[in-house]
Amino acid sequence: MSSAAGLIAMPLGGAYHASKWALEALNESLVGEVAGFGVKVTMIEPGGFATRSGKNPNPLDNGHRVEPLPSYDGVRQAPAGVAGKLPAGDPAAAAQALLQLVDSDNPPLRVLFGKGFYPMIQQAYANRLKTWDDWQDLSVEAHGQAG
């Protein structure tokens, strides 16, 4: 289980996102290590699910609070605005989808569970590819002439 946060990062979630990105790397490496044994790996990237008393969970609200700094008001409001627009998923439906993955002969390495995050992930990857393309000349130059 990773989460959509394993694919994109939002402000105020640095440690949370770092842990999710670490799971991405671990599982991607694991695929090559266990494939010869017939073991398949799938990372489920869920959006928000109504798992806390029927409410959409806020991963940044862990009960530990400090006095908010007004200079961060805008940063705090951005994720809250996005989270409020994404529908909360049904855990029972996710369980059924998980069983379909388990029964699949060729499950994907990654699968998204939920609505709303796919366009954000598409944009994040499009932005990365454009940046790499825009800076490709410098990338080649940084490699130097060795070898």
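(A) Quick look at helix 3 (residues 91–103). If you check helix 3, its first and last C-alpha atoms are 19 Å apart, about what 13 residues at 1.5 Å a residue would give, namely 18 Å. The N-terminus of helix 3 is capped by D90, whose side-chain oxygen sits 3.0 Å from the backbone nitrogen of A92.

(B) The arrangement of a nonpolar patch on the surface in detail. Taken together, the side chains of L12, L69, Y72 and V75 present a nonpolar region at the surface, about 350 Å² in accessible area. By secondary structure assignment, the location of V75 is in helix 2 (residues 73–83). Overall, V75 belongs to the partly exposed group, its relative accessible area being 31%.

(C) Geometry of the nonpolar core. Core analysis: the biggest nonpolar cluster contains 6 residues, these being A4, L7, I8, F117, I121 and A124. Not counting the four nearest positions on each side in its chain, I8 is found in contact with H17, W21, F117, M120, I121 and A124. Membership of the second largest hydrophobic core comes to 5 residues, among which are I44, A94, L101 and F113.

(D) Local environment of the packing of aromatic side chains. Taken as a whole and assessed by the stated rule, the structure comprises 0 aromatic pairs. R128 extends its terminal NZ or CZ atom over the ring of Y125, reaching a point 4.8 Å from the ring centre.

Procedures and definitions
- Residues numbered from 1 in each chain as written.
- Predicted model: local features only at pLDDT ≥ 70, side-chain atom pairs only at ≥ 80, totals over all residues.
- Heavy atoms only, no water.
- Helix = DSSP H or I, 4+ residues; strand = E, 2+ residues; numbered from the N terminus.
- Expected span 1.5 Å × (residues − 1).
- Polar contact = N/O pair within 3.5 Å; in protein donor to acceptor, adjacent residues only side chain to side chain.
- Patch = residues over 30% accessible without salt bridge, like charges linked within 9 Å, V, L, I, M, F, W, Y side chains within 5 Å.
- Areas by Shrake-Rupley, 256 points an atom, 1.4 Å probe, with all protein chains shown as cover.
- Salt bridge = Lys/Arg side-chain N within 4 Å of Asp/Glu carboxyl O.
- Buried < 20%, exposed > 50% of the residue type's maximum accessible area, 1.4 Å probe, protein only.
- Core = buried A, V, L, I, M, F, W, Y, C linked by side-chain atoms within 4.5 Å.
- Contact = heavy atoms within 4.5 Å.
- Phe/Tyr/Trp six-rings, centres within 6.5 Å; stacked < 30°, edge-to-face > 60°.
- Lys NZ or Arg CZ within 6 Å of the ring centre and 35° of its normal.

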